[in-house]
Amino acid sequence: MAPLVWLVTGCSSGFGEQFVYQILARGDKVIATGRNAATKLTHLEGTGAAILDLDISLSADETALKVEQALQIYGGIDVLVNNAGYIESSPIEELVPERLLRSYNTNIFGHYNVTRALLPHMREKRSGVIGFVGSQAGWMGDPSATAYVSSKFALEGIVECLQKEIAMFGIQVTIFEPGYFRTQALSQQNIQHEPGKIPAYEEFNKAVIQYEKAVYGNEPGDPVKAVSRMIDVLTGTGTAAGKPFPPRMPLGTDGLKVMRDKCQDTLKMLDEWEDFIVSTDFTKEG
Ligand SMILES: NC(=O)c1ccc[n+]([C@@H]2O[C@H](COP(=O)([O-])OP(=O)(O)OC[C@H]3O[C@@H](n4cnc5c(N)ncnc54)[C@H](OP(=O)(O)O)[C@@H]3O)[C@@H](O)[C@H]2O)c1
C-alpha cells in the first residue's frame, strides 16, 4: 500500500509530537504543524517530517491558505489529526468572555477551520480520515474547567454532525476521548490561569492549582500507547484491525469510567423519570 500522508496539529509536545514519530515509523509521510514552528518544532527537523507553521487560532481565511500550502507538500492529505489544544482555567465568575473566546478560537474554531479547509480535497477524492482529539472533559464538567470542558463538548457535537454529513463521500471521522495522559497539557506553563479578582474564589483557585500540580507527571495514561491506539483506529490496523470504524473512542481507565458512569447515570435518570418525560407529548385528547 502507498504511504499515507498525515497532517497533525500541535506537534511541539505530547500526543502531537508522538504522532509524528509513530507515523514516520510506519513508513508514512507527515506534515507536522505547530505555532511558532521556527522555535518550537526544531526537535522534529531531520526526522523526515515536513514542518509547517500553523497556529490554528488564526482566521478561517489564513488557515485555508496554510492548508493549501500543506496540500502542495506531498500532493494531498489522507489523514487529518486535529490534536492541538490547551486548558484555560478559571471559575465562571472570573472567566471573562475574552478568555473563553480565546480558548474556543483554538479548541473549537481551530479544528473547525482546518477541517473545513481540507474537506473539499477529501470530498473530491472521495476518501479521507479525520481524527479529533477530544477529551473525557467532553463528557464531564469539572470545577474551573468551563472553557476547556465546553470546548470539548462542542467538538463532540461537531464530530457527530460531521459523521452524518460526510459518510456519503467515503470520509471517516472519529473523536478520541482521553483521560489523563502524561503530556504537557497539565503543566503550569501550558495551563492558562489569570489571577482571580474575586476574594471568595482565592482558596478555590489555590486548590485547583494544587490539584493540577499533583496530577501533572502522575497521570495514569501513557501517551506513547495512546497514540499507537489512535493510529490503529485511524488506519484500521493493529489493535483495531477487523473492527468497525468507531464513531468515538475513550482512552485510558479513567476515560472509560467517565463515559460509562455518564451513560449509566443518564439511563438511570431516564428510567426514573420516563413517565414525566413523555408526559409532554400531545395526546389524542389534545
Ligand atoms: N494529556 C491529557 O491528559 C489529555 C487528556 C484529554 C485530552 N487531551 C487533548 O490532547 C490534545 C493534545 O494535548 P497534549 O495532551 O499532547 O498536551 P501538550 O503536550 O500540552 O500539547 C498541546 C499541543 O497543542 C499545541 N497548541 C496549543 N494551542 C495551539 C494553537 N493555537 N495552534 C497550534 N498549536 C497549538 C501546543 O503548542 P505550544 O507548545 O505552542 O503551546 C502543543 O503542541 C489536546 O487537544 C488536549 O486537550 C489531553
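Above: the structure in question.
The shown structure was predicted, so the numbers you read here are calculated from the model rather than taken from an experiment.

**Digging into the overall build of the protein**
Working step 1: Along its length, the protein carries eight helices and nine strands.
Working step 2: Whereas a compact globule of 286 residues would reach a radius of gyration of roughly 19 Å, the protein reaches 20 Å, a difference of no more than 12%.
Working step 3: Across its three principal axes, the protein shows a C-alpha extent of roughly 60 × 55 × 35 Å.
Working step 4: In the protein, once contacts between residues fewer than 6 apart in sequence are set aside, the share between residues at least 24 apart is 70%.
Working step 5: Side-chain charges in the protein split into 26 positive and 35 negative, and the spacing between the mean points of these groups amounts to 5 Å.

**Concerning helix α1 (residues 14-26)**
Residues lying three or four places apart along an α-helix face the same way, a consequence of the helix completing one turn every 3.6 residues.
Working step 1: The terminal C-alpha atoms of α1 lie 19 Å apart, and with 13 residues this matches the ideal 18 Å at 1.5 Å per residue to within 8%.
Working step 2: Looking only at α1, the buried set comprises F15, G16, Q18, F19, V20, Q22 and I23.
Working step 3: In this structure, the buried side of α1 is in contact with β1 (5-8), β2 (29-34), β4 (79-82), β6 (128-133), β7 (171-178) and α7 (223-235).
Working step 4: Where α1 ends, the next residue or the one after it, G27, has phi of about 90°, a positive value.

**Remarks on the pattern of salt bridges**
Working step 1: Going through the model one piece at a time under the given rule, you end up with 12 salt bridges.
Working step 2: One salt bridge connects K125 with D78, and the closest N-O pair in it is separated by 2.9 Å. With K125 in helix α4 (residues 97-125) and D78 in the loop between α3 (60-74) and β4, the pair connects residues that are 47 residues apart, well separated along the chain.
Working step 3: Look at K125 and you get partly exposed, because its relative accessible area is 32%.
Working step 4: Assessed through its relative accessible area of 22%, D78 is described here as partly exposed.

**Here's the deal with the site of the ligand**
Working step 1: Around the ligand lies a shell of 29 residues, among which S12, R35, N83, Y148 and T183 are the nearest.
Working step 2: One of the side-chain N or O atoms of N190 is found 2.9 Å from an oxygen atom in the ligand.
Working step 3: Protein contacts shield 96% of the accessible area of the ligand, which totals 880 Å² for the unbound molecule.
Working step 4: Within the residue set of the shell around the ligand, elements represented by two or more residues are α1 and α5 (146-166).
Working step 5: Partitioned by chemical class, the residues of the shell around the ligand number 11 nonpolar, 14 polar and four charged.

**Regarding the state of the cysteines**
Working step 1: Enumeration over the complete set of coordinates arrives at zero disulfides.
Working step 2: Cysteine C263 remains unbridged, with the sulfur of C161 as its closest cysteine sulfur at 18 Å.
Working step 3: Judged by its relative accessible area of 35%, C263 falls in the partly exposed class.

**Some remarks on the packing of α4 against α5**
Working step 1: At a minimum axis separation of 9 Å, α4 and α5 run at an interaxial angle of 20°. Judged by the angle between their axes, α4 and α5 are roughly parallel. Taken as a pair, α4 and α5 cross one another with a handedness that is right-handed. Here L100, S103, Y104, N107, I108, H111, Y112, T115 and L119 of α4 come into contact with α5, specifically with A147, Y148, S150, S151, A154, L155, I158, L162 and I166.
Working step 2: Its residues assigned to classes, the contact of α4 with α5 comprises 12 nonpolar, six polar and no charged.

**Some details on the packing of α3 against α4**
Working step 1: α4 packs onto α3 with a crossing angle of 45° between their chain directions and a minimal axis gap of 9 Å. Of the possible angle classes, the one that applies to α3 and α4 is oblique. The interaxial crossing formed by α3 with α4 has right-handed handedness. Here A60, T63, A64, V67 and L71 of α3 lie close against α4, whose contacting residues are N113, V114, A117, L118 and H121.
Working step 2: Tallied by class, residues from the contact of α3 with α4 come to seven nonpolar, three polar and no charged.

**Brief notes about the sheet that holds β6**
Working step 1: Spatially, β3-β2-β1-β4-β6-β7-β9 is the arrangement adopted by the seven strands of the open sheet, whose pairing is parallel. The open sheet terminates on both sides in strands that have one partner only, identified here as β3 (50-53) and β9 (248-251). When strand polarity is set aside, the average angle formed by the axes of neighbouring strands in this sheet is 20°.
Working step 2: Across four bridges, the pairing between β1 and β2 is parallel. Residue pairing across strands places V5 opposite K29, the latter belonging to β2.
Working step 3: Sheet strands in contact with α5 are β6, β7 and β9, and its direction is about 160° off that of β7.

Scoring rules and cut-offs
Residues numbered from 1 in each chain as written. Predicted model: local features only at pLDDT ≥ 70, side-chain atom pairs only at ≥ 80, totals over all residues. Heavy atoms only, no water. Helix = DSSP H or I, 4+ residues; strand = E, 2+ residues; numbered from the N terminus. Rg over C-alpha atoms; globule rule 2.2 N^0.38 Å. Contact = heavy atoms within 4.5 Å. Lys, Arg positive; Asp, Glu negative; His and termini not counted. Charge placed at Lys NZ, Arg CZ, Asp CG, Glu CD. Expected span 1.5 Å × (residues − 1). Buried < 20%, exposed > 50% of the residue type's maximum accessible area, 1.4 Å probe, protein only. Salt bridge = Lys/Arg side-chain N within 4 Å of Asp/Glu carboxyl O. Near = heavy atom within 4 Å. Polar contact = N/O pair within 3.5 Å; in protein donor to acceptor, adjacent residues only side chain to side chain. Areas by Shrake-Rupley, 256 points an atom, 1.4 Å probe, with all protein chains shown as cover. Nonpolar A, V, L, I, M, F, W, Y, C, P; charged D, E, K, R; others polar. Disulfide = S-S within 2.5 Å. Axes fitted to C-alpha atoms, helices over the stretch in contact; angles between N-to-C directions. Parallel < 35°, antiparallel > 145°, perpendicular 65-115°, else oblique. Left-handed = near helix turned anticlockwise from the far one by under 90°. Pairing = 2+ DSSP bridges.

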